[in-house]
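One letter stands for each residue in the lines below.
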Amino acid sequence: MQEKQKIAIKHATSGSFFFLKLDTTSTGGSIQFSGDIPVHADATGAGYSVANIISGMSNVKAHGSVTVTKTIVSDVEFYYEVEFPASMGNVPTMEAFTDKLLPQGEATATISTVEDGNIIGGTFRLSFEDVSTVDLPFDASPTEMREALEDLPDR
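Predicted model, so just to flag it, every value in this text is computed and none were measured.

**Student:** What exactly am I supposed to notice about the sheet that holds strand β5 (residues 67-74) here?
**Tutor:** By definition, the strands of a sheet pair up through backbone hydrogen bonds, in either a parallel or an antiparallel sense. The four strands lie next to each other as β5-β6-β1-β8, forming an open sheet whose pairing is antiparallel. Of all strands in the sheet, those bounded by a partner on one side alone are β5 and β8 (108-115). The mean inter-strand angle of the sheet, taken between neighbouring strand axes irrespective of direction, is 20 degrees. Relative to β8, strand β1 (residues 4-10) is paired through seven bridges, and the arrangement is antiparallel. Looking at the pairing, Ala8 lines up with Thr110 of β8.

Shown next, in the form of structure tokens:
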């Protein structure tokens, strides 16, 4: 399952901008800021599309590109749905900075998580013919794997 986040824009006029912060330090990444995203930017395409700008952030770029769709709700409200590469797993919610959105005090940009990315957990077993290892944690080390295999009866 790929992480999906929604950027909802309300009451913003043309000529104004917002930008995003994505902090992936909790998963070994970094804190990155997008460039300015123009209000009413295209979801995809060349130049200043939302997909290009977010995909260009180094903590996203290392995993591939985002997919973005845009939905217009009304004359004063629309949203972008951002789907992150699956390899990013459960992505921290981006943060929107709106001090460049006009009219100030009325225009807003909010971000919510639509669908969490996969969170890997649990256990597994390795089996061959009629024998299996003990339950191994999803993040088993190479040593744990080797020991579990060595503990299998000789055949």
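**Student:** Explain the layout of surface pockets to me, please; I cannot follow it from the model alone.
**Tutor:** Unfilled space is identified by rolling a water-sized probe across the atoms. Of the pockets and cavities examined, the largest pocket occupies roughly 160 Å³. Lining the largest pocket are 13 residues, with Thr24, Thr27, Asn59, His63 and Met88 sitting closest to its centre. In terms of residue class, the lining of the largest pocket is built from four nonpolar, nine polar and no charged.

**Student:** Is there a simple way to explain the packing of aromatic side chains in this structure?
**Tutor:** Aromatic ring pairs: the centre-centre distance and the angle between the two ring planes describe each pair. Summed over the entire model, instances satisfying the criterion amount to four aromatic pairs. When the centroid spacing of 5.6 Å and the interplanar angle of 90 degrees are considered together, the rings of Phe78 and Tyr80 count as edge-to-face. The same class applies to Phe78 as to Tyr80, namely buried. An aromatic cluster of at least three residues, connected via ring pairs, comprises Phe19, Phe33 and Phe97. For the cation-ring pair, Lys6 lies above Tyr79, with the distance from its terminal atom to the ring centre recorded as 4.2 Å. When the ring centre of Phe78 is taken as reference, the NZ or CZ atom of Lys70 above it lies at 4.9 Å.

Calculation criteria
- Residues numbered from 1 in each chain as written.
- Predicted model: local features only at pLDDT ≥ 70, side-chain atom pairs only at ≥ 80, totals over all residues.
- Heavy atoms only, no water.
- Pairing = 2+ DSSP bridges.
- Helix = DSSP H or I, 4+ residues; strand = E, 2+ residues; numbered from the N terminus.
- Axes fitted to C-alpha atoms, helices over the stretch in contact; angles between N-to-C directions.
- 1 Å grid on protein atoms, 1.4 Å probe; cavity = no way out; pocket = protein on both sides within 12 Å on 5 of 7 lines; lining within 4 Å.
- Points joined across faces, edges and corners; volume = space filled by probe spheres on them.
- Nonpolar A, V, L, I, M, F, W, Y, C, P; charged D, E, K, R; others polar.
- Phe/Tyr/Trp six-rings, centres within 6.5 Å; stacked < 30°, edge-to-face > 60°.
- Buried < 20%, exposed > 50% of the residue type's maximum accessible area, 1.4 Å probe, protein only.
- Lys NZ or Arg CZ within 6 Å of the ring centre and 35° of its normal.

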